[in-house]
Amino acid sequence: QVQLVESGGGLVQAGASLRLSCAASGRTDRSSTMGWFRQAPGKEREIVAAIDWSPTTYYADSVKGRFTISRDFAKNTVYLQMNSLKSEDTAVYYCAADEASKPISALIRGGVDYWGKGTLVTVSS
């Protein structure tokens, strides 16, 4: 089992920046893909960004050029740097991870093995 704990959410104004962190513990593996999803009120959960071991990254079109995902293997932590935040970025952000050696495409498509409990990001306009 893998445990994921997010931190870094909060209330910011439009145009500001935030950095989310997700610390993984338990049976972690550097070959596991990790990523971030979000769920806004009344909407379905959607992929935001993902990163595998190589590291190959993926971004949803809505965040390209504004968000950056990164990973510290030594700390078993994945980060999401969010710049130029917009009101439409308001959501609960969830950290996600897959079992070892699964392709990044699996997590992107929602085939997530482990979820964090989420951290709320609120962007005021």
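You'll find the structure just up there.
Chemist: Would you explain the packing of aromatic side chains in this entry?
Modeler: Given two aromatic rings, one states the distance between the centres and the angle between the planes to describe the pair. For the structure shown, the criterion picks out two aromatic pairs. Centre to centre, the rings of Phe 37 and Trp 115 are 5.0 Å apart; their planes meet at 70°, and the pair counts as edge-to-face. Linking Phe 37 in strand β4 (residues 34-39) with Trp 115 in strand β10 (residues 114-115), this pair joins segments that are 78 residues apart in sequence. Residue Trp 115 is classed as partly exposed on the basis of its relative accessible area, which comes to 34%. Taken together through their ring pairs, the aromatic side chains of Phe 37, Tyr 94 and Trp 115 make up a single cluster. It is Arg 30 that lies over the ring of Phe 73; its NZ or CZ is 4.2 Å from the centre. Over the ring of Tyr 94 we find Arg 45, and its NZ or CZ is 3.7 Å from the ring centre.

Chemist: I keep staring at the side chain of Ser 31 and nothing clicks. Help me out?
Modeler: As for its position among the elements, Ser 31 is in the loop between β3 (18-26) and β4. Within the structure, the side chain of Ser 31 is placed 2.6 Å from the side chain of Asp 29, a separation counted as a polar contact. In this structure the side chain of Ser 31 is engaged in a polar contact, spanning 3.2 Å, whose partner is the backbone nitrogen of Ser 101. What Ser 31 contacts, discounting residues up to four positions off in sequence, is Trp 53, Ala 100 and Ser 101.

Chemist: What exactly am I supposed to notice about the pairing of strand β8 (residues 77-82) here?
Modeler: Successive residues of a regular strand alternate their side chains across the two faces of the sheet. Judged by how many residues are buried, β8 sits mostly within the fold: five of six residues are covered. Strand direction decides the pairing type here: β3 and β8, joined by six bridges, are antiparallel. Bridge pairing in β8 places Leu 18 opposite Met 82. Here strand β7 (residues 67-72) pairs with β8 via six bridges, running antiparallel. The residue bridging Arg 71 from the neighbouring strand is Val 78, located in β8. Hairpin connection, β7 to β8: the antiparallel pair is bridged by four residues, and Asn 76 has positive phi, about 55°.

Reading guide: rules and limits
- Residues numbered from 1 in each chain as written.
- Predicted model: local features only at pLDDT ≥ 70, side-chain atom pairs only at ≥ 80, totals over all residues.
- Heavy atoms only, no water.
- Phe/Tyr/Trp six-rings, centres within 6.5 Å; stacked < 30°, edge-to-face > 60°.
- Helix = DSSP H or I, 4+ residues; strand = E, 2+ residues; numbered from the N terminus.
- Buried < 20%, exposed > 50% of the residue type's maximum accessible area, 1.4 Å probe, protein only.
- Lys NZ or Arg CZ within 6 Å of the ring centre and 35° of its normal.
- Polar contact = N/O pair within 3.5 Å; in protein donor to acceptor, adjacent residues only side chain to side chain.
- Contact = heavy atoms within 4.5 Å.
- Pairing = 2+ DSSP bridges.

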